[in-house]
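# Observations on the model geometry
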Amino acid sequence: MVFTDLPYDAGQKAEFARQMFGHIENRTTDLADEILEVDPRSYSDPALARRERAEIFGTVPVVAAHGSQLPEPHDFLTVQLPNNEIVLVRQPDGEVRGFVNICRHRGARLVMDDAGSRRFFSCRYHGWTFAGDGTLRAIAHEPTFGQVDKSCLGLLEVPVEQRHVSSGSWTRRAVM
Ligand code: FES
């Protein structure tokens, strides 16, 4: 298979999938007919990396976590995805929601820990505080900001879907 000639049409992708599942089932792999030299730019070309992020990781779901990593309400996990970092948070109703790990004030990284349990996330820079559902709850020195509609400044949410015991995020901005 050659992965650098994107995009493939649906038929080609389906054939690749069939081949891959066949390899998994038969414990085999693809072998070239002869010694194959791989262009090293496949691993280092920034333009190709951008295309991969946009055309592959930006459009298909990516497995980001196993459900068991967030067993209890308010458990969270920061996950680096191809396009950005997200925070996954187990909600009180059992669902998992995901947010871009960026403070809505000036774009600082919001959650520094890899994992834990927390009801609120406070930005270390100026103290803006967000609830686990992404809503902006508190602005430090709020009167100095004038009229701010907090309901418009929640964390940026990414689509997340749980399948079986894994959590998956379907998004153009981030995937899991
Ligand atoms: S950048 Fe987060 S509170 Fe200012």
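What you see is a predicted model; the values in this text were computed from it and never measured. (Residues numbered from 1 in each chain as written. Predicted model: local features only at pLDDT ≥ 70, side-chain atom pairs only at ≥ 80, totals over all residues.)

## As for the overall build of the chain
As a reminder of what qualifies: Strands are runs of DSSP state E lasting at least 2 residues, helices are runs of H or I lasting at least 4, and numbering of each runs from the N terminus. To sort residues by burial, count the other C-beta atoms lying within 10 Å of each one's C-beta; a count of 20 or more means buried, 12 or fewer means exposed, and anything in between means partly exposed. C-beta atoms are built from the backbone. By the convention adopted here, residues are in contact when the distance between their C-beta atoms, placed from the backbone, does not exceed 7 Å.
Check the secondary structure of the chain and you find three helices and 11 strands. Going from N to C terminus, the chain has its helices and strands arranged as α-α-α-β-β-β-β-β-β-β-β-β-β-β. Relative to its full complement of 176 residues, the chain shows a buried share of 22%. When contacts within the chain are restricted to residue pairs at least 6 apart in sequence, long-range pairs at least 24 apart make up 49% of them.

## Description of the sheet that holds strand E8 (residues 136–138)
Short version of the rule: Here, strands pair whenever DSSP counts at least two bridges between them. Where helices are involved, their axes are fitted lines through C-alpha atoms of the stretch in contact, as for all axes, and angles between N-to-C directions lie from 0 to 180°.
The sheet built from three strands is open, its strands ordered E6-E7-E8 with antiparallel pairing. Looking at which strands have only one partner, the edges of the open sheet turn out to be strand E6 (120–122) and E8. Recorded for the sheet is a direction-independent mean angle of 35° between the axes of neighbouring strands. Pairing of E6 with strand E7 (residues 129–131), which is carried by three bridges, proceeds in the antiparallel orientation. Bridge pairing links Phe121 to Phe130 in E7.

## Observations regarding the sheet that holds strand E4 (residues 96–100)
Read across the open sheet, the five strands follow the order E5-E2-E3-E4-E9; overall the sheet is antiparallel. Lying at the two open borders of the sheet, with one neighbouring strand each, are strand E5 (115–117) and strand E9 (157–158).

## Structural notes on the nonpolar core
For clarity, the cut-off: Defined on buried residues, the nonpolar core groups Ala, Val, Leu, Ile, Met, Phe, Trp, Tyr and Cys residues joined through C-beta atoms within 7 Å.
In this structure, Val79, Ile86, Val87 and Leu88 are the most contacted members of the largest nonpolar core, which totals 25 residues. Where this core is concerned, the elements lending two or more residues are strand E1 (62–66), strand E2 (75–80), strand E3 (85–90) and E4. The dominant element in this core, judged by the number of residues it contributes, is E3, at four residues.

## Digging into the confidence of the model for the chain
To keep it simple, the criterion reads: Along the chain, pLDDT gives the predictor's confidence residue by residue, from 0 to 100.
Here the chain shows a mean pLDDT of 87. Residues at 70 or above account for 89%. Taken as a whole, residues 170–176 scores under 50 in pLDDT and shows 36 contacts with residues more than four places along the chain or in a different chain.

## Re unusual backbone geometry
The phi torsion at His74 lies on the positive side, around 80°, for a residue other than glycine. Take His74: it is sitting in the loop between E1 and E2. For His74, a count of 16 C-beta atoms within 10 Å puts it in the partly exposed group.

## Thoughts on the pairing of E3
Most of E3 is tucked away: five of the six residues are buried. Examined bridge by bridge, E2 and E3 share five bridges and lie antiparallel to one another. Residue pairing for E3: Leu77 is matched across the bridge by Leu88. Between the antiparallel neighbours E2 and E3 lie four residues. Across five bridges, the pairing between E3 and E4 is antiparallel. Of the residues in E4, the one forming a bridge with Arg90 is Val96. The hairpin turn running from E3 into E4, its antiparallel successor, is five residues long, and Gly94 in that turn takes a positive phi close to 95°.

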